[in-house]
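If you want the building blocks of each chain, they are given just below.
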Amino acid sequence: MHNKTISSALISVFSKDGLEPIVKELNQLGVTIYSTGGTESFIKDLGIKVIPVEEVTTYPSILGGRVKTLHPKVFGGILNRQDNAKDIAELAEFSIPQIDLVVVDLYPFEKTVASDSSHEDIIEKIDIGGISLIRAAAKNYADVICVSSVDDYAEFLELLIAKKGETSDADRKRFAGKAFNVSSHYDTAIFNYFNKENVETVLKISETNGKELRYGENPHQKGYFFGDFDAMFDQLHGKELSYNNLLDVDAAVNLMNEFKDEAPTFAILKHNNACGFAQRETLHQAYLDALAGDPVSAFGGVLIANTEIDKATAEEIHNLFCEVVIAPSFSAEAKELLEGKKNRILLIQKDIALPQTSVRTCLNGILVQDKDNITDALTDLSYATNNKPSKNELDDLIFASKICKHTKSNTIVLAKNKQLFASGTGQTSRVDALNQAIHKAQTFNFDLKGAVMASDAFFPFPDCVEIAKDAGITAVIQPGGSIKDELSIDYCNANNVSMVFTGTRHFKH
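Heads up: these notes are all about the structure in this document.

Conventions we followed
The residue count restarts for each chain, going from 1 along the sequence in the order it is written. Where local features are concerned, this predicted model is filtered to residues with pLDDT of at least 70; where side-chain atom pairs are given and counted, the filter is 80 or more; whole-chain, interface and lining totals use all residues. Side-chain measures here rest on the full set of heavy atoms in the structure, leaving out hydrogens and waters. Put simply, DSSP H or I for four residues or longer makes a helix, DSSP E for two residues or longer makes a strand, and each gets a number counted from the N terminus. Computation of the radius of gyration draws on C-alpha atoms, with the globule rule given as 2.2 Å multiplied by the number of residues to the power 0.38. Accessible area is worked out with a 1.4 Å probe on protein chains only. A residue is then buried under 20% of its type maximum, exposed over 50%, and partly exposed in between. The contact rule is simple, with two residues in contact once any of their heavy atoms fall within 4.5 Å. Here the term patch refers to residues with relative accessible area over 30% and no salt bridge, with like charges joined within 9 Å and nonpolar side chains (Val, Leu, Ile, Met, Phe, Trp, Tyr) within 5 Å. In these tables, accessible area is a Shrake-Rupley quantity obtained with a 1.4 Å probe, and a residue counts as shielded only by the protein chains included in the view. Take a side-chain nitrogen of Lys or Arg and a carboxyl oxygen of Asp or Glu: if they are within 4 Å of each other, that pair is a salt bridge. Positive residues here are Lys and Arg, negative ones are Asp and Glu, while His and the chain termini are left out of the count. In plain terms, the charge of a residue is placed at NZ if it is Lys, CZ if Arg, CG if Asp and CD if Glu. An arc is given here, and it is the one of the directions from the helix axis to the C-beta atoms. Between 30 and 60 degrees the pair is tilted, below 30 it is stacked and above 60 it is edge-to-face, where a pair is any two Phe, Tyr or Trp rings, Trp via its six-membered ring, whose centres lie within 6.5 Å. Remark: a charge is flagged as sitting over a ring if the NZ atom of Lys or the CZ atom of Arg is within 6 Å of the ring centre and within 35 degrees of the ring normal. Throughout, an axis means a line fitted to C-alpha atoms (over the contacting stretch in the case of helices), and angles, computed between N-to-C directions, take values from 0 to 180 degrees. What sets the label is the angle itself: under 35 degrees gives roughly parallel, over 145 gives roughly antiparallel, 65 to 115 gives roughly perpendicular, and the rest give oblique. All residues other than Ala, Val, Leu, Ile, Met, Phe, Trp, Tyr, Cys, Pro, Asp, Glu, Lys and Arg, Gly among them, are scored as polar; the first ten of these are nonpolar and the last four charged. Joining through side-chain atoms within 4.5 Å is the link that ties buried Ala, Val, Leu, Ile, Met, Phe, Trp, Tyr and Cys residues into a set, and such a set is a nonpolar core.

Observations regarding the overall build of the chain
Okay, step 1: On a plain count of helices and strands, the chain comes out with 19 helices and 23 strands.
Okay, step 2: Since a compact globule built from 509 residues should have a radius of gyration of about 23 Å, the 31 Å found for the chain marks it as more spread out than a globular shape.
Okay, step 3: Principal-axis analysis of the C-alpha atoms places the extent of the chain at approximately 100 × 50 × 40 Å.
Okay, step 4: Looking at the chain as a whole, 47% of its 509 residues are labelled buried.
Okay, step 5: Long-range contacts, defined as pairs at least 24 residues apart, comprise 56% of the intrachain contacts of the chain with a sequence gap of at least 6.

Rendered as structure tokens:
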């Protein structure tokens, strides 16, 4: 194992972007270049000598270009071991040229799938020759360097110039790792396309866009984010997002998606739960009423709006220490004002599709489930009690139910006039969650008379509706489904409390 000098190269790429300076530098170094099809024409057009692969194989490109490089004279040139006398003798015997460099990219399979192309077009974008060349060159990194992505062209060109065509063991091994990353990701994408219906109970996840965070949930833990954050947000200002910031942003986005295209709505979250939430005629008022829900917990929180943040709203936000502010847009005046705190993170949320599954580690394995895409609506409700909710109460019940869906279980949410009064979050007992919510609402001087209550799961006993009635609650929304539903129904009927069932539980752990 030692340094190698590139004397010959096979170049066959789908995208020619960034290729020209590499080809010119190889030519400057006297490297023999082999190529095929469109890449061969591209190199010729640069006025650089190139040998068609067909001259090596004495076999033309066939089947509409499906078979070009799949030939022993190509793969023999890549896979031979240069310190193996028998391999070198066979190269001479069969007139196989040594290949020291392979520059190959792959057909854009994922882009073709994402473009809603036909199944036939997608199948044609499953690369065979390219993936085989990449695997062969990466396997034989002891003698060959493989450049498998346009993303690596700049690094390779720098290496080529700096070392004048020479590569070290470490160089070749590093590029081999990149190559196997490309090939494994490509195969994962193909498998997941064929397994969209989960015929095979197999989990394959490949995310090539990764970033190391300052730390994980706590400073002593390492943390990473894998995904294309920039596809979802434009960060206008502020420091780098932390692990905990990202979790709160995720919770905020999922919650606010329930209120997309509705009246101006504002939410304040802390530790993944809404501590303030309101919907009003203006965003300014929605923010003020959201903040009133819990001005203590709002300190250091994550804020999100479903419409543009204007100057009036920004002036109020600017008085609060908060980590992140998210909106579809910011007015110029609002942006300038909010940028007054150098670490405050401002994010413009783009309208993109989110994953439809959730994934988390569990024991020595992984749990996967469908995303909870059911949003409780008026049409889903069954009226369990003799007393029916008023129109305003129905609006508040749906409002509270949406918030409840995105709050840690066990949870109870109390709301009135489309304002979150309080929630009990993450309690081991539903009674505890209710008592926590009532205590919190009263602490901030909310009048619970005429308020509504939402629960993420059914009531096995009538204790919660009893406590709620005593606090002033007049309407309840819950999934129903307990074998003892009648106990709660009977109590509500006897005490003029209306209750509706959604039929859908919304546990969140």
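So, next bit.
A closer look at a negative patch on the surface
Okay, step 1: On the surface, a cluster of negative charge is contributed by E308, D310, E315, E333 and E336.
Okay, step 2: When you line up the elements, E308 lands in the loop between β13 (301–305) and α14 (311–317).

Things to note about the pattern of salt bridges
Okay, step 1: This model, assessed by the stated rule, comprises 21 salt bridges.
Okay, step 2: With a closest N to O distance of 2.8 Å, D143 and K4 form a salt bridge. In this pair, D143 sits in the loop between α8 (129–139) and β6 (145–147) while K4 sits in strand β1 (residues 4–5), placing the two residues 139 residues apart along the sequence. The two residues D143 and K4 agree in class, both being buried.

A short note on helix α9 (residues 153–163)
Okay, step 1: All buried positions along α9 are accounted for by Y153, F156, L157, L159 and L160. One face of α9 carries all of its buried residues, which in axial projection span an arc of 160°. Facing away from the buried surface of α9 by more than 90 degrees, the exposed residues are A154, E158 and A162.
Okay, step 2: In the segment just after α9, K164 is the residue with positive phi, at about 55°.

Quick word on the packing of aromatic side chains
Okay, step 1: Summed over the entire model, instances satisfying the criterion amount to 14 aromatic pairs.
Okay, step 2: One aromatic cluster is present, formed by F109, Y186, Y193 and F194 through successive ring pairs.
Okay, step 3: The ring of F175 carries K178 above its face, with NZ or CZ at 6.0 Å from the centroid.
Okay, step 4: Positioned above the aromatic ring of F259 is the side chain of K402, whose terminal nitrogen or guanidinium carbon lies 4.8 Å from the ring centre.

Some words on the environment of H271
Okay, step 1: Mapped onto the elements, H271 comes out in the loop between β11 (265–270) and β12 (273–279).
Okay, step 2: Between the alpha carbons of H271 and D248 there is a distance of 6.3 Å; along the sequence they are 23 residues apart.

Description of the packing of helix α17 (residues 430–443) against helix α18 (residues 463–471)
Okay, step 1: Closest axis-to-axis distance for the α17/α18 pair is 9 Å, and the angle between their directions is 10°. Looking at the two axes, α17 sits roughly parallel to α18. Here R430, V431, L434, N435 and I438 of α17 come into contact with α18, specifically with D463, C464, I467, A468 and A471.
Okay, step 2: Residue classes in the contact of α17 with α18 are distributed as seven nonpolar, one polar and two charged.

Observations regarding the nonpolar core
Okay, step 1: The biggest cluster of nonpolar side chains holds 40 residues, and the ones touching the most others in it are F233, V249, F277, I304, I326, L347 and I403.
Okay, step 2: The contacts of L347, once residues within four sequence positions are left out, are F229, F233, D234, Q235, L241, V249, V324, V325, I326, A327 and F330.
Okay, step 3: Core analysis: the second largest hydrophobic core is formed by 28 residues, V56, I122, I126 and C146 among them.

A closer look at unusual backbone geometry
Okay, step 1: Omega for the bond connecting S409 with N410 falls within 30 degrees of zero, at -15°, which places this linkage in the cis form.
Okay, step 2: Structurally, the position occupied by N410 is in the loop between α16 (391–405) and β19 (412–416).
Okay, step 3: In this structure, D261 is a non-glycine residue whose phi angle is positive, near 65°.
Okay, step 4: The topology assignment puts D261 in the loop between α12 (243–256) and β11.
Okay, step 5: Positioned with a positive phi, L363 is a non-glycine residue whose angle comes to about 55°.
Okay, step 6: Along the polypeptide, L363 turns up in the loop between β16 (357–362) and β17 (365–370).
Okay, step 7: Among the residues examined, L363 registers a relative accessible area of 87% and is labelled exposed.

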